[in-house]
Amino acid sequence: MNRERLTMSQALVKFLDNQYIEVDGVESKFVSGIFGIFGHGCVVGVGQALEQGGHNLKFYQGKNEQNMALAAVAYAKQMDRKAIIPCVSSIGPGATNMVTACGCATANRIPLLVLPGDTFACRQPDPVLQQAEFFDGYGRTVNDAFKGVCHYFDRIERPEQLMTACIHAMRVLTDPADTGAVCLAMPQDVEGEAYDYPEHFLQKRVWHIDRRPISAAQLERAAALIKEAKKPIIVCGGGVRYSGAEKELLAFAEKYNIPVAETQAGKGLISWNHPLNLGGIGVTGGKAANVVAKDADLIIGVGTRFSDFTTASKWLFNENRKVLGINICPFDAYKMDAEAIVADAKEAVSALIDSLDGYKTAYTTEIAAAKADWDAIVDEYYSTELEGGLNQTLALGIINEFMGEDDIALGSSGSLPGDMQRLFRPKNRGTYHMEYGYSNMGYEVNGALGAKLANPDVEVYTFTGDGSFLMGHSELYTSLQEGLKINVCVFDNLGWGCIENLQNNQGTDTFGTVFRARNPETGMLDGADMTVDFAKIAEGYGAKGYSIHNSAELKAALEDAKKQTKSVVFDIKVLPKTMTPGFESWWRVGVAEVSKSETVAAAYEDMKANIAKTFDY
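Everything numeric here is computed off the predicted structure, so don't read it as measured data.

Trainee: It is not clear to me how the nonpolar core should be interpreted in this structure. Could you clarify?
Mentor: Where a protein is soluble and globular, its nonpolar side chains tend to be buried together. The biggest cluster of nonpolar side chains holds 99 residues, and the ones touching the most others in it are Phe-252, Ile-399, Phe-463, Phe-570 and Ile-572. Among all residues touching Phe-463, those that are not within four sequence positions of it are Leu-396, Ile-399, Met-403, Ala-409, Leu-410, Gly-411, Leu-416, Met-420, Phe-424, Glu-444, Cys-489 and Phe-491. By size, the runner-up hydrophobic cluster in this structure holds 93 residues, among which are Cys-87, Val-114, Cys-150 and Tyr-242.

Trainee: What am I meant to see in empty space enclosed by the protein here?
Mentor: To find leftover empty space, one rolls a probe the size of a water molecule over the atoms. Inspection of every chain in the model, using the stated rule, returns five cavities of 30 Å³ or more. Of the volumes computed, that of the largest cavity is approximately 120 Å³. Surrounding the largest cavity, 16 residues form its lining, Lys-267, Trp-272, Gly-279, Trp-374 and Arg-422 being those nearest its centre. Listing elements by their share of the lining of the largest cavity, those giving two or more residues are β14 (277-280), α16 (366-383) and α18 (416-423). Partitioned by chemical class, the residues of the lining of the largest cavity number six nonpolar, four polar and six charged.

Trainee: I tried to follow the pattern of salt bridges on my own but got confused; where do I start?
Mentor: A side chain with one charge may pair with a side chain of the opposite charge, provided their charged atoms come close. If you walk through the whole model with that rule in mind, you get 33 salt bridges. The partner of Lys-29 in a salt bridge is Asp-17, and the shortest N-O contact between them spans 2.9 Å. Of the two residues, Lys-29 is situated in strand β3 (residues 26-29) and Asp-17 in helix α1 (residues 8-17); the sequence distance between them amounts to twelve residues. With its nearest N and O atoms 2.9 Å apart, the salt bridge here joins Asp-144 to Lys-147. Residue classification places Asp-144 among the buried residues on the basis of a relative accessible area of 17%. Through salt bridges with shared partners, one network takes in Asp-80, Arg-241, Glu-246 and Arg-429.

Trainee: What is the right way to read the pairing of strand β18 (residues 408-411) from this model?
Mentor: Look at any regular strand and the pattern is simple: side chains alternate between the two faces of the sheet. In β18, alternate side chains face the same way, and those of Ile-408 and Leu-410 on one face and Ala-409 and Gly-411 on the other are all buried. Here three bridges tie β18 to strand β20 (residues 460-465), and the two strands are oriented parallel to one another. Counterpart to Ala-409 in the pairing with β20 is Tyr-461. Pairing geometry for β18 and strand β19 (residues 432-434), over three bridges, is parallel. Within the sheet, the bridge partner assigned to Leu-410 lies in β19 and is His-433. Remark: the β18/α18/β19 crossover connection has right-handed handedness.

Trainee: Just to check I follow, could you spell out unusual backbone geometry for this structure?
Mentor: Negative phi values dominate among residues other than glycine, just as trans dominates among peptide bonds. Following Asp-126, the chain continues into Pro-127 via a peptide bond in cis, with omega recorded as -10°. In this fold, Pro-127 is placed in the loop between β7 (112-118) and β8 (152-155). At Arg-81, a position not held by glycine, the phi torsion is positive, near 65°. Position of Arg-81 relative to the elements: it lies in the loop between α3 (65-78) and β6 (87-89). The class of Arg-81 is buried, set by a relative accessible area of 14%. Positive phi values are uncommon outside glycine, yet Ser-439 reaches one of about 45°. You can see Ser-439 is positioned in the loop between β19 and α19 (443-454).

Analysis parameters
Residues numbered from 1 in each chain as written. Predicted model: local features only at pLDDT ≥ 70, side-chain atom pairs only at ≥ 80, totals over all residues. Heavy atoms only, no water. Core = buried A, V, L, I, M, F, W, Y, C linked by side-chain atoms within 4.5 Å. Buried < 20%, exposed > 50% of the residue type's maximum accessible area, 1.4 Å probe, protein only. Contact = heavy atoms within 4.5 Å. 1 Å grid on protein atoms, 1.4 Å probe; cavity = no way out; pocket = protein on both sides within 12 Å on 5 of 7 lines; lining within 4 Å. Points joined across faces, edges and corners; volume = space filled by probe spheres on them. Helix = DSSP H or I, 4+ residues; strand = E, 2+ residues; numbered from the N terminus. Nonpolar A, V, L, I, M, F, W, Y, C, P; charged D, E, K, R; others polar. Salt bridge = Lys/Arg side-chain N within 4 Å of Asp/Glu carboxyl O. Pairing = 2+ DSSP bridges. Right-handed = clockwise from strand over helix to strand, strands pointing away.

Encoded structure:
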């Protein structure tokens, strides 16, 4: 057996450089680059291996570990999970900064490989800089925190352990049913230790992502359940996108006259103006889907994990409904007490198209009426200008209508995801990119870089609130460094507006959710508004900034930004509380059972009444 003597880090780089996937006969490179921030826990290990060359991996210099990892999550999502960018960090804070991003990846079922430095395996120089010591067990390090947010965790304490660790890491990263974050913790001494690695470990390796077919028995059960239904509704989830099943889903819906509702991850796969597309469903959904869903006697969930936002905390559907769960992941297929069909979405829906001969739903004019009513509501939100300033929904509509057919709209947190699921009209597949499994503040700007890395030839518009921009936007600087233009739309409403709405709607007066100065007279944060010039922040980085206070300024800025070759930031001052409300939905949050406030007490009673309308399983 031929062997090559390499350090663990050199072998890791060579291994990653040779990983490929094959889907439906198409082979592609799985790893083309690496994000990294070098410190003493990795610079002389993985850093040395990358610097010496002999590989085809492009190095991207992150500016914050959490934010570069969020960019990597967005890249993998935009690539439909067919490619990743691993993330390398030092030990200690550099490592734990990536824990949040791992939670984001796992919640959204997106592959993310993190390679944090770790303390010395030999323990000789302990305690080292940035090492937190745990008195209950010397082998425990801060990297154990990754165990709670990763689908696979391994600590490589000897260089030869790299081989099994890498194989299992790739197993998870390429498994559509079990993917998420993977952490390979790398003690800094082991990163530089050598081993005679067998040649076959370092050679090109192709991971075949085979489609799991629906069985004859599953098909029979699914068809029987659908044939019993008079008014079914399809809930289109992110699994439809990752399976590439949107054409089959639409053909199935059209053949049998079944309306389609979209989750955040499934939005944009079917044209918004298709007669059967009712738009977003659930807490951040629109009136059309929610009204029709309440009457549905069968919920056909395709590639959805049925989150509380999709089901309105299991309040939306009527008590007599049945559920058919089509999902490659058994964990999701069995949710909602469903008849579980554990199969690839494309395979399953394709089989169903020809299995219901003679079947038609009982819908007459309900679908068209609900859609027409909702389209008129959206049109009104997109065209109504309020006095006193620029309203958020009008600003969103102006940008939506301005964007090109292939431009990508990206978001994650605050009130904008609700506005976007309800109102946004994507123009093509893959142009709506919403991280809403974790609703990770700080994802928006950094995720825009990841989406741009995946699609460098299209414009990326990211939609973020001022609060989320302040939490994390470091990779805006990286976008300038890489010459990758992103369009950052900062909707500045002077605080965490959606949380203030939630607070107020549950009976509590505004407290801690708006950005105001400390008032020396009251001692509270109820002084003057904290105004920020986000356009100047952008210009300080070297980006182009626009200060926007009305629709005319927004339209002019959009036109000018189209001519720019570097990243731009639109500082859009919007009127607070001008986001969309909920439509025919309810969301369960933990309201105080005991309070001196009558409004809080009333909110608690309202919560109890709504809980009585939900169902358990």
